[in-house]
Amino acid sequence: TMLSMSRALVLATCLTVARALHAPTPPCRHALRVTSPRLATKKKVSKKGGARGFGGGAAKQAVKELTPEQLQWRDLKEWVASSGGAADAVRLTDCGGGLRGLKAARDLAKGDEILRIPRSIILDVERAEASPVSGVWRSSGGALPGYLKLGLALLYEVRRGAASDLLPYLAMLPTQDEFAAGGGPAAMWSDDELALTECAHLIDFAKRRRGQSRGEGVPALQPDALAASWAECGLPGEPPGRDELSWAVGAVTSRAYGVGSGSGLVPVVDMANHDGRTPQHTAKGLEEDGRSFVVLATEPIRKGTQVCLSYGELPNCVLLPQFGFVLASLDAPPDLPLVDFTPCLREAEGAAGGAALLLSLAEDGLLVREGDGSISCW
């Protein structure tokens, strides 16, 4: 298959990142986006009609001159404010390289509140459980991971259209076509594109995430079963196919933050780019009463400075499959050298006391665990 221009260009820029990914095969040479020095983003600005959600300089224009994208951003901020929140301390704009992000709309002092997003407009697992779409997983015993529940809840809200109270937020999400044009997380790449990375661990991780996003191995999400439960629950529109489910789960896993005991899509907050520096210049989380998700400045931030959040202490071999970018600087945090440990695992598992020893090593952090808790072969 033909590579998109954005993916082809970064093949040449990822060589320095690859030196840290010591998989059994040659080093990884492929990435979606590389930023410098340590700022990375997960959103792509539309090439048609100006920047998607572009807000720079809009205050000096007449409302009738605003682009559709600028109108969406204005509507989003007004929606947040009418819901009891605040997002006037930032503006959505092009942060370079055709990538959008948030910048300070005014000088911010240490401790200033940058964003306040009411829990009532956050699409979290609690809201998904209370939604009619929960009938899809309740009919099969309710055993679905949170990211799949959020993906289905997102698709339900999209199908509700104007009836959804999340409409201003939904309008700002990247479409399937935009994900494809911009590259998206490596978990959404084709096998041919993944093979170009020549990085066995990355390919293995991305393929497993791809399968998870498409509901593979989940009986309730197989096409016939999902179609039947979608109709039985009286949900709007056609039941989602695997490609659409993959888009929704990709949107969730690349944008969601921890909310309460689970995770959720937090409007506006999820438009902030990743900052790999330590310490970060912002702090985020639910307030103690759980009613709002807030972002605070932990140091002074000048007007026009990009406002970033941390997605976590994650190496590039995780950032690329999940979020679709890599950090140009490898020391924040460093990537780990990886080797295929399968032969050693098999030998240890077959030896007396080997299984207990492996568990002990994993508890000490000397072996990596997979998402299901099993010991990784990497």
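Student: Looking at this model, I keep getting lost on the sheet that holds strand 5 (residues 113-118). Mind explaining?
Tutor: Note: strands within a sheet are paired through backbone hydrogen bonds, in either parallel or antiparallel orientation. Read across the open sheet, the three strands follow the order 5-11-10; overall the sheet is antiparallel. The sheet is open, and its two borders are formed by strand 5 and strand 10 (282-286), each paired with just one other strand. On average, each strand axis in the sheet is tilted by 10 degrees relative to the strand beside it, whichever way the strands run. Here five bridges tie strand 5 to strand 11 (residues 292-297), and the two strands are oriented antiparallel to one another. In the strand pairing of strand 11, Arg116 is matched with Val294.

Student: I'm lost on the pairing of strand 4 (residues 100-104) in this one. Help?
Tutor: The side chains of a regular strand alternate, residue by residue, between the two faces of the sheet. Buried residues dominate strand 4, accounting for five of its five residues. On strand 4, burial covers both faces: Arg100, Leu102 and Ala104 on one face and Gly101 and Lys103 on the other are all buried. Examined bridge by bridge, strand 3 (residues 90-94) and strand 4 share five bridges and lie antiparallel to one another. Within strand 4, the position partnered with Thr93 by the bridge is Gly101. The hairpin turn running from strand 3 into strand 4, its antiparallel successor, is five residues long, and Gly96 in that turn takes a positive phi close to 105 degrees.

Student: How should I be thinking about the pattern of salt bridges in this particular structure?
Tutor: For side chains of opposite charge, pairing can occur when their charged atoms come near one another. Summed over the entire model, instances satisfying the criterion amount to 18 salt bridges. Close ionic contact of Arg160 with Glu157 constitutes a salt bridge, the shortest N to O distance being 3.2 Å. With Arg160 and Glu157 both in helix 6 (residues 146-160), this residue pair falls three residues apart, about one helical turn. According to the relative accessible area criterion, Arg160 is partly exposed, its value standing at 29%. Between Glu216 and Arg214 there is a salt bridge, with its nearest N and O atoms 3.9 Å apart. A relative accessible area of 45% places Glu216 in the partly exposed class.

Student: Would you mind showing me how to read the nonpolar core here?
Tutor: Soluble, globular proteins show a tendency: their nonpolar side chains are buried together. Membership of the largest hydrophobic core comes to 66 residues, with the highest contact counts inside it found for Ile114, Leu152 and Val268. In contact with Leu152, not counting residues within four places along its chain, are Val133, Val136, Trp137, Leu144, Leu221, Leu226, Trp230 and Leu245.

Student: Explain the pairing of strand 8 (residues 262-265) here, please?
Tutor: Where strand 6 (residues 123-124) lies against strand 8, two bridges are found, and the strand directions are antiparallel. Within strand 8, the residue paired with Asp124 across the bridge is Gly264. Bridge analysis of strand 7 (residues 257-259) against strand 8 gives three bridges, and the strand direction is antiparallel. Looking at strand 8, one finds that Val259 is bridged to Gly262.

Thresholds applied
Residues numbered from 1 in each chain as written. Predicted model: local features only at pLDDT ≥ 70, side-chain atom pairs only at ≥ 80, totals over all residues. Heavy atoms only, no water. Pairing = 2+ DSSP bridges. Helix = DSSP H or I, 4+ residues; strand = E, 2+ residues; numbered from the N terminus. Axes fitted to C-alpha atoms, helices over the stretch in contact; angles between N-to-C directions. Buried < 20%, exposed > 50% of the residue type's maximum accessible area, 1.4 Å probe, protein only. Salt bridge = Lys/Arg side-chain N within 4 Å of Asp/Glu carboxyl O. Core = buried A, V, L, I, M, F, W, Y, C linked by side-chain atoms within 4.5 Å. Contact = heavy atoms within 4.5 Å.

Everything listed here is a matter of geometry and, on its own, says nothing about what the molecule does.
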